[in-house]
Amino acid sequence: MRSDRILILVILLSVLAAGCVSSEIKPGNPEEYELPGLDNTTIFYLNGSAIQVVDSVNNATEVKIPIGDSGEMNFKNPVVVDSSGNDITFNVSKETSFGRSYARFDFGSPFSGFIAFTQSDGQDFSRELTKNGSVRVVLPVDHTTGTRFLGITQPEPDNIITDDWGREVLIWENPYPEHEKISVKYYHKGAPAALLYFLVFLLIAALIIYSYYKLSMMALRKKREMMEKGVKE
């Protein structure tokens, strides 16, 4: 009986280690992405509700992309192109291993080029790093980061540039393994001014309320003094 339990446990551990593979995922349209990308670089294009990821591949027959620990399929519209932008035949499927979810790209032969896909997201961008190489985060047009009250970037980027479309591009050169995660909180460029105006409005409103309170108290005190004077007379 004990040996049977051990055998079952070994089988379960083997299944967890090997992972479970789901059906293939429908490919996307390469025209929806900014391709090709940059060698040895992962680029994240942010737009507030979704992220487009363009990652470089060098002489690989299989690539695994972490897509979260929850098991939810936050991954869609994958494409693969070579360095010239030509479409490459591939298979991609969801794989779960040790409770973590991956998208596994399989190529027919060793491939060098770029893979791209889309994930949903909000304005608090955060990604774990799993390999060495450059990382770029492209903010939406008219958005920025760096104000402590509205949003900061950790770690601080090595460089910030503006591309041809007026977007801020945050650049990290080989942040992994010193840093295992990159977090970017970004906001509209007009947000700091709007926040300042709001704080000024609150200050003025507070002064008005305080002045009204002081005047009311002075009027009540004066009325009370007049009433006390009338009683004494």
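Small disclaimer: the values here were computed from a predicted structure and weren't measured. (Residues numbered from 1 in each chain as written. Predicted model: local features only at pLDDT ≥ 70, side-chain atom pairs only at ≥ 80, totals over all residues. Heavy atoms only, no water.)

Trainee: How do you make sense of the overall build of the protein when you look at a structure like this?
Mentor: Within the protein, the secondary structure is distributed over two helices and 14 strands. For the protein, the proportion of its 233 residues judged to be buried stands at 31%. When contacts within the protein are restricted to residue pairs at least 6 apart in sequence, those whose partners lie at least 24 apart make up 75%. On the protein, roughly 15,200 Å² of surface is accessible, and the fraction owed to carbon and sulfur atoms is 56%. (Helix = DSSP H or I, 4+ residues; strand = E, 2+ residues; numbered from the N terminus. Buried < 20%, exposed > 50% of the residue type's maximum accessible area, 1.4 Å probe, protein only. Contact = heavy atoms within 4.5 Å. Areas by Shrake-Rupley, 256 points an atom, 1.4 Å probe, with all protein chains shown as cover.)

Trainee: Teacher, can you tell me more about the nonpolar core here?
Mentor: In globular proteins that are soluble, nonpolar side chains generally tend to be buried together. Counting residues in hydrophobic clusters, the biggest one holds 30 residues, and the most contacted among them are Phe 105, Phe 107, Val 137 and Val 184. Every element with two or more residues in this core is listed here: strand 2 (41–46), strand 3 (50–66), strand 5 (90–97), strand 6 (100–120), strand 8 (134–138), strand 12 (168–172) and strand 13 (181–185). With residues up to four places along the chain from it excluded, the contact list for Val 137 reads Phe 44, Leu 46, Phe 125, Glu 168, Val 169, Leu 170, Trp 172 and Val 184. Formed by eleven residues, the second largest nonpolar core is a distinct cluster that contains Tyr 33, Phe 114, Val 138 and Ile 171. (Core = buried A, V, L, I, M, F, W, Y, C linked by side-chain atoms within 4.5 Å.)

Trainee: Before we go on, may I ask you to explain the pattern of salt bridges in this structure?
Mentor: Oppositely charged side chains may form a pair once their charged atoms are brought near each other. With the rule as written, the count across this model stands at six salt bridges. Counted as one network, the salt bridges with shared partners bring together Lys 64, Glu 95, Arg 104 and Asp 106. (Salt bridge = Lys/Arg side-chain N within 4 Å of Asp/Glu carboxyl O.)

Trainee: Could you clarify how one ought to interpret the sheet that holds strand 13 in this entry?
Mentor: One key point about sheets: their strands pair by backbone hydrogen bonds, in either a parallel or an antiparallel sense. Pairing within the open sheet is antiparallel, and its three strands lie in the order 7-13-10. Both outer strands of the open sheet, strand 7 (124–128) and strand 10 (153–154), are each paired with one neighbouring strand and no more. (Pairing = 2+ DSSP bridges.)

Trainee: How should I be thinking about the environment of Asn 91 in this particular structure?
Mentor: Mapped onto the elements, Asn 91 comes out in strand 5. Given the relative accessible area of 38%, Asn 91 is considered partly exposed. Sequence-wise, Asn 91 and Ile 25 are 66 residues apart; in three dimensions their C-alpha atoms are separated by 7.9 Å.

Trainee: It is not clear to me how the pairing of strand 12 should be interpreted in this structure. Could you clarify?
Mentor: In summary, the side chains of a regular strand alternate between the two faces of the sheet. Burial analysis of strand 12 places five of its five residues in the buried class, which makes it a mostly covered element. Side-chain alternation along strand 12 places Glu 168, Leu 170 and Trp 172 on one buried face and Val 169 and Ile 171 on a second face that is also buried. Pairing geometry for strand 8 and strand 12, over four bridges, is antiparallel. By the bridge assignment for strand 12, Val 138 is matched with Val 169. When strand 11 (residues 159–162) meets strand 12, the two strands line up antiparallel, connected through four bridges. Each residue of the ladder has a partner; that of Thr 162, found in strand 12, is Glu 168. From the end of strand 11 to the start of strand 12, which pair antiparallel, there are five residues, and Gly 166 there has a positive phi angle of about 80°.

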